[in-house]
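Next come the chains, spelled out residue by residue.
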Amino acid sequence: MTWIEISIVGSAVAFVLFIAFAVRLLIAATQAIRQVHDAIIQIKQQAAATAEQAEQLFKQTGQLTEEVHMQVLALEPTIQSIGKAGASIGDVASVLRKASQVMNESIHGAERVVHTHHKRIQDAMEWATTGFELWQRWQAHRNAKSDH
């Protein structure tokens, strides 16, 4: 065998090895592409499921928000009534406070008058008692005269 034949055989062997490695590389690349394709399909399915769940969550959130809004609207008159009742109670308390002050002032005034005129009142009570006793004696004396 000559150098040319050896070179041709060597080139053929190298070409066959190159083809074998290229085929193996293509097979590995094909498997990798299939795995990537399968992964992409799974990601699409998961994305679709997540989108569906998100849509349901948005719907539920919208319904919940609407229900809360309706409940707030329903409570608004009650809250206003409570506010008005609180204001009315405050007004009543203010009126009662003023009435209590007036009553206390009247009682203190009466106490001052009684204290100031205590001696006069005591004298008037004694005169009234004495007058009543005299009237009773006179009535008894008169009745005694009419019986005779």
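Residues numbered from 1 in each chain as written. Predicted model: local features only at pLDDT ≥ 70, side-chain atom pairs only at ≥ 80, totals over all residues. Heavy atoms only, no water.

> Got a sec to walk through the overall build of the protein? Specific residues and values, please.
When helices and strands are counted, the protein shows 2 helices and 0 strands. On C-alpha atoms alone, the protein measures out to a radius of gyration of 59 Å, which is more than a quarter above the 15 Å that the 2.2 N^0.38 rule sets for 148 residues. When the backbone C-alpha atoms are referred to their principal axes, the protein occupies close to 195 × 30 × 25 Å. Counting every position in the protein, which comprises 148 residues, the buried fraction comes to 1%. Total accessible area computed for the protein in this model is approximately 13600 Å², and 67% of it derives from carbon and sulfur atoms. (Helix = DSSP H or I, 4+ residues; strand = E, 2+ residues; numbered from the N terminus. Rg over C-alpha atoms; globule rule 2.2 N^0.38 Å. Buried < 20%, exposed > 50% of the residue type's maximum accessible area, 1.4 Å probe, protein only. Areas by Shrake-Rupley, 256 points an atom, 1.4 Å probe, with all protein chains shown as cover.)

> Would you mind going over the packing of aromatic side chains in detail, with residue names and values included?
Tallying each qualifying case throughout the model produces 1 aromatic pair. For the ring pair Phe132 and Trp135, a centre distance of 6.2 Å and an interplane angle of 25° mean the geometry is stacked. You can see Phe132 and its partner Trp135 sitting in helix 2 (residues 118-147), 3 residues apart, about one turn around the helix. Given a relative accessible area of 48%, Phe132 falls into the partly exposed group. (Phe/Tyr/Trp six-rings, centres within 6.5 Å; stacked < 30°, edge-to-face > 60°.)

> Please set out the pattern of salt bridges residue by residue, giving values where relevant.
With the rule as written, the count across this model stands at 1 salt bridge. A salt bridge links Lys59 to Glu55, with the nearest nitrogen and oxygen atoms 3.7 Å apart. Of this pair, Lys59 and Glu55 both sit in helix 1 (residues 3-116), 4 residues apart, roughly one helical turn. Note on Lys59: relative accessible area 53%, which makes it exposed. (Salt bridge = Lys/Arg side-chain N within 4 Å of Asp/Glu carboxyl O.)

> Help me get a handle on a nonpolar patch on the surface, residues and values and all.
Together, Phe15, Phe18, Ile19, Val23 and Ile27 make up a nonpolar patch on the protein surface, roughly 490 Å² of accessible area in all. With respect to the helices and strands, Val23 occurs in helix 1. Residue classification places Val23 among the partly exposed positions, given a relative accessible area of 41%. (Patch = residues over 30% accessible without salt bridge, like charges linked within 9 Å, V, L, I, M, F, W, Y side chains within 5 Å.)

> Outline the environment of Gln35, supporting the account with residue identities and numerical values.
Position of Gln35 relative to the elements: it lies in helix 1. For Gln35, a relative accessible area of 60% puts it in the exposed group. Separated by 53 residues in the primary sequence, Gln35 and Ser88 place their C-alpha atoms 77 Å from one another.

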